[in-house]
Amino acid sequence: MKIAIVCYPTFGGSGVVATELGIALSERGHEVHFVTYKQPVRLELLSKKIFFHEVSVPDYPLFHYQPYELALSSKLVDTVKLHNIDLLHVHYAIPHAYAGYMAKKMLEEEGIYLPMVTTLHGTDITLVGNHEFYKPAVTFSINKSDVVTSVSQSLKDDTNRLFTVEDDIKVVPNFIDMAKHNPSFTDCQRDLMAEPQEHIITHVSNLRKVKRVTDVIEVFDRIQKKIPAKLLMVGEGPEKETCEELCIEKGIKNKVVFLGNSSEVGKILCFSDLFLLPSEKESFGLAALEAMASGVPVISSNAGGLPEVNKNGVSGYLSDVGNVDEMAKNAVSILSSKETLAKFKKQARETAKTFDTKNIVPLYEAVYEQAVKMK
Ligand code: GMT
């Protein structure tokens, strides 16, 4: 098939999933065309089967807000016609499904049928989508998509609760290429980050309030009082300064390293002993899955889709949002002995295998077949 993919090409989980999906589809023989405003961060290589089409919005002084949706739908129309695209897969309801539907309608005028699959990732529904202001546009975009998928059962339930959805939403969980997350990398360079006796605890996110990053610091503070440890904070975001201040206040500044955005998350995870994800809301928790795939147990909240990914007592532990004492207690129990840590590491990787690319990408292909037949 020739598939056009629209996503946010930045460091967010939805962009990562869309990019990895495009790469996996191309490896399975499909031709993939990314239509975005910037080349997706993880799309390092373009190939004979992967193309990138940039959406540029010309700056025009009359427009107070530059009309991105308009530029995107026009670019989609051109791309579909030029490359005989069979199907459009948009990640994120707004504005992508909205713009996709406009493209679909414009193409219909020319007798071209473009099936559209929309994948909901979470923030489009739980944070942005349920603002009354966006509700009509999100509801419309969902109901006008030929097939809608969500990345977890929890997100499907939230969507059905918050919006009047006409058709069944298919749950297609996020996935991970287990081969790319090898816990036995030889160039780990663990010694650059910590002393041999220190455990390495990691958090990766866009450091937004919804991630409850100050809880990460609170949990770590409790852990380091019991066992020698270092905390690696990976990512950039609005809560970074608050976290840095909290570290100073707690006197643990020298034990916490803020690494900023990194394209080497796999490498960082390979020398991590534990991953913290105490989020307020999380439709899936791709970062937790990436950690598990690298054999890193996860201490997370039980928000949203996290219990579908992180199995309590197996790949790590789940606690109620904000219960930092319990999170720290569970973390210390995992790190308490070499044997327990090794057991959890193994179990984390085993749990991640359910989400291996080779198990999940065929589910998307089945969705595409269904959408194409809906003509
Ligand atoms: O919350 C983020 O880190 C970014 C956000 C996004 O839109 O990229 O992530 C959402 O989609 C990811 C991929 O499906 C999920 O793993 C995240 O759980 C989800 N974030 C939230 O629901 C808050």
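## Side note on a nonpolar patch on the surface
Now for step 1: Among the surface-exposed residues, Tyr60, Leu62 and Phe63 lie close enough to one another that they form a single nonpolar patch of about 340 Å² accessible area.
Now for step 2: Tracing the backbone shows tyrosine 60 in the loop between strand 3 (50-54) and helix 2 (68-83).

## Regarding the site of the ligand
Now for step 1: Taken together, 18 residues sit near the ligand, with Ser14, His121, Arg208, Glu282 and Ser283 positioned nearest.
Now for step 2: Between the ligand and the protein, one listed contact pairs an oxygen atom with a side-chain N or O atom of asparagine 206 at 3.2 Å.
Now for step 3: Here arginine 208 contributes a side-chain N or O atom positioned 2.8 Å from an oxygen atom of the ligand.
Now for step 4: Residues belonging to the shell around the ligand are distributed by class as follows: four nonpolar, ten polar and four charged.
Now for step 5: The residue makeup of the shell around the ligand includes at least three contributed by each of domain 1 (2-175 + 356-372) and domain 2 (178-353).

## Regarding unusual backbone geometry
Now for step 1: For the peptide bond that leads from isoleucine 94 to proline 95, omega is -5°, which places it in the cis range.
Now for step 2: Mapped onto the fold, proline 95 is located in helix 3 (residues 93-109).
Now for step 3: Despite not being glycine, asparagine 84 shows a phi value in the positive range, around 50°.
Now for step 4: Assignment of secondary structure puts asparagine 84 in the loop between helix 2 and strand 4 (87-91).

## Remarks on the domain arrangement of the chain
Now for step 1: When its domains are assigned, the chain resolves into domain 1 (2-175 + 356-372) and domain 2 (178-353).
Now for step 2: Using only C-alpha atoms to locate each centre, domain 1 and domain 2 end up separated by 30 Å.
Now for step 3: Between domain 1 and domain 2, the contact holds 21 residues from the first and 17 residues from the second.
Now for step 4: Each partner contributes to the roughly 1,400 Å² buried at the junction of domain 1 and domain 2, and carbon and sulfur atoms together form 54% of this total.

## Focus on the sheet that holds strand 12 (residues 298-301)
Now for step 1: Strand order across the open sheet formed by six strands is 10-9-8-11-12-13, with parallel pairing between neighbours. Each of the sheet's edge strands pairs with one partner strand only, and the pair in question is strand 10 (256-260) and strand 13 (316-319). For this sheet the average axis-to-axis angle between neighbouring strands, irrespective of direction, equals 20°.
Now for step 2: With two bridges joining them, strand 8 (residues 199-204) and strand 11 (residues 274-277) adopt parallel strand pairing.

## Let's talk about helix 8 (residues 240-250)
Now for step 1: Residues Lys240, Cys243, Leu246 and Cys247 constitute the buried set of helix 8. Down the axis of helix 8, the sector holding all buried residues measures 125°, keeping them to one side. Relative to its buried face, helix 8 has exposed residues pointing more than 90 degrees away, namely Glu241, Ile248 and Glu249.
Now for step 2: Those residues of helix 8 that are buried lie in contact with helix 7 (213-226), strand 9 (229-234) and strand 10.

What counts, and where the lines are drawn
Note that residues are indexed from 1 along each chain, following the sequence as it is written. In view of the model being predicted, local features appear only for residues whose pLDDT reaches at least 70, and side-chain atom pairs are presented and counted only at 80 or more, with totals across whole chains, interfaces and linings using the full set of residues. With hydrogens and water stripped out, all remaining heavy atoms of the structure feed into the side-chain values. Like charges are joined within 9 Å and nonpolar side chains (Val, Leu, Ile, Met, Phe, Trp, Tyr) within 5 Å, but only among residues with over 30% relative accessible area and no salt bridge; these make up the patches. Values of accessible area rely on a 1.4 Å probe in the Shrake-Rupley scheme; residue burial ignores everything except the protein chains shown. The working definition used for a salt bridge is a side-chain nitrogen of Lys or Arg within 4 Å of a carboxyl oxygen of Asp or Glu. Helix and strand assignments come from DSSP, with helices taken as H or I runs of at least 4 residues and strands as E runs of at least 2, each series counted from the N terminus. It suffices for a single heavy atom of a residue to lie within 4 Å of a molecule or strand for the residue to be listed as near it. N or O atoms within 3.5 Å of each other form a polar contact, as long as, within protein, one can give a hydrogen and the other can take it, and as long as residues adjacent in sequence are counted only when both atoms are side-chain atoms. Residues are grouped as follows: Ala, Val, Leu, Ile, Met, Phe, Trp, Tyr, Cys and Pro are nonpolar; Asp, Glu, Lys and Arg are charged; every other residue, Gly included, is polar. Residue ranges assigned to each domain were obtained from an automatic or database domain assignment. Two residues qualify as a contact provided that any one of their heavy atoms is within 4.5 Å of a heavy atom in the partner residue. As used here, buried area is the combined drop in accessible area, with a 1.4 Å probe, of two parts when they are placed together. Strand pairing is assigned whenever DSSP detects at least two bridges linking the two strands. Axes here refer to lines fitted to C-alpha atoms; in helices the fit is confined to the stretch in contact. Angles between the N-to-C directions go from 0 to 180 degrees. Working definition: with a 1.4 Å probe on protein chains only, accessible area under 20% of the residue-type maximum means buried, over 50% means exposed, and in between means partly exposed. In this description, the arc belongs to the directions extending from the helix axis to the C-beta atoms.

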